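# Structural features, examined
Next come the chains, spelled out residue by residue.
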Amino acid sequence: MPGTGPDITVLRAYNSVPSVLSEYSYMGPGWDIHFGRIIGLYTCADNLLTPQSNKLFFVKPDGSQVEILPQLKIYFDKNNNQNYDEDIDYRPAYATTEFWRVECRGSSLVVTDKLDTDYYFGSPDTTGHLTKQVVVKVEDTHGNTLDIAYEIANAFTRPTSITASDGRQVNFTYTGFQ
């Protein structure tokens, strides 16, 4: 749904790798709807990302996965001189294999794409511990936002609504676990 700010796009992704959880998914075996997800454990405190599992992955809404790696040799050349200047340029402590920045802002994990769109993951203090694994807010470079609400159902995080800062809204309803 186009509008001012990020488009509201709802995608359904399929993962053919069987797991205990996918067999009981509210979308059917292997199916899921989300707007970004982290696989792996981490903590964010005082703007510091600390992975707590061997690997972290960012799963895009289309289901594709990219690994989050520490200290890639990339930087953002703020003064456009094509040299890394430690005092001026920004080098993220973590980035994806597609060079999306990954950082903590306070206690929230933020993944930033190449167009500077920020994907905020729920902080550990939000309702339900699983909400820190999914995108709860998308913000473009002009401050336009999408806020995504979820509910927990049988160990699954499923979306209940998307609200855009320009007034657009999408609501999801479920019958039981369907």
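Residues numbered from 1 in each chain as written. Predicted model: local features only at pLDDT ≥ 70, side-chain atom pairs only at ≥ 80, totals over all residues. Heavy atoms only, no water.

### Looking at the pairing of strand β5 (residues 48-51)
As defined by bridge partners, strand β4 (residues 42-45) adjoins β5 across 4 bridges and the pair is classed as antiparallel. Looking at β5, one finds that Tyr42 is bridged to Pro51. Between the antiparallel neighbours β4 and β5 lie 2 residues, among them Asp46 with a positive phi of about 50°. (Pairing = 2+ DSSP bridges. Helix = DSSP H or I, 4+ residues; strand = E, 2+ residues; numbered from the N terminus.)

### Brief notes about unusual backbone geometry
Of note, Asn47 is a non-glycine position whose phi angle comes to about 65°, a positive value. Counting through the fold element by element, Asn47 comes out in the loop between β4 and β5. For Phe99, which is not glycine, the phi torsion reads 65° and is therefore positive. Among the secondary structure elements, Phe99 is positioned in the loop between β8 (94-96) and β9 (101-105).

### Topic: the packing of aromatic side chains
Taken as a whole and assessed by the stated rule, the structure comprises 4 aromatic pairs. Between Phe58 and Tyr119, the ring centres sit 6.4 Å apart and the planes meet at 50°, which makes this aromatic pair tilted. Taken together, the residues span a long stretch of sequence, with Phe58 in strand β6 (residues 56-59) and Tyr119 in strand β11 (residues 118-121) at a distance of 61 residues. The residues Phe58 and Tyr119 share a single accessibility class, namely buried. Taken together, the ring pairs connect Phe58, Trp100, Tyr119 and Phe121 into an aromatic cluster. Sitting above the plane of the Tyr120 ring, Lys137 keeps its charged end 5.1 Å from the centroid. We note Arg158 situated over the ring of Tyr174; from NZ or CZ to the ring centre the distance is 4.1 Å. (Phe/Tyr/Trp six-rings, centres within 6.5 Å; stacked < 30°, edge-to-face > 60°. Buried < 20%, exposed > 50% of the residue type's maximum accessible area, 1.4 Å probe, protein only. Lys NZ or Arg CZ within 6 Å of the ring centre and 35° of its normal.)

### With respect to the sheet that holds strand β15 (residues 169-171)
Reading across from one edge, β3-β6-β7-β8-β9-β10-β11-β12-β13-β14-β15 is the order of the 11 strands in this open sheet, with antiparallel pairing throughout. Of all the strands in the sheet, just β3 (37-39) and β15 have a single pairing partner and so form its edges. Neighbour to neighbour, the strand axes of the sheet diverge by 25° on average, direction disregarded. Relative to strand β13 (residues 145-153), strand β12 (residues 135-139) is paired through 3 bridges, and the arrangement is antiparallel. The partner of Val138 across the bridge, within β13, is Leu146. (Axes fitted to C-alpha atoms, helices over the stretch in contact; angles between N-to-C directions.)

### Thoughts on the state of the cysteines
Per the stated rule, a full pass over the model turns up 1 disulfide. One disulfide in the model links Cys44 with Cys104; its S-S distance is 1.9 Å. For the disulfide bridge between Cys44 and Cys104, the dihedral angle about the S-S bond is near -65°, and by the sign convention the bridge is left-handed. In this pair, Cys44 is assigned in strand β4 and Cys104 in strand β9, connecting sequence segments 60 residues apart. Given the relative accessible area of 7%, Cys44 is considered buried. (Disulfide = S-S within 2.5 Å.)

### Some points on the pattern of salt bridges
Going through the model one piece at a time under the given rule, you end up with 7 salt bridges. Between Lys60 and Glu98 there is a salt bridge whose closest N-O contact spans 2.4 Å. Separated by 38 residues along the polypeptide, Lys60 in the loop between β6 and β7 (65-70) and Glu98 in the loop between β8 and β9 bring together distant segments of the chain. Take Lys60: its relative accessible area is 15%, and that puts it in the buried class. For Lys137, the salt bridge identified is with Glu139, shortest N-O distance 3.9 Å. Taking the relative accessible area as the measure of exposure, Lys137 reaches 26% and is therefore partly exposed. Within the structure, one salt-bridge network assembled from shared partners comprises Glu103, Arg105 and Asp118. (Salt bridge = Lys/Arg side-chain N within 4 Å of Asp/Glu carboxyl O.)

Purely geometric stuff here, so don't read any function into it on its own.
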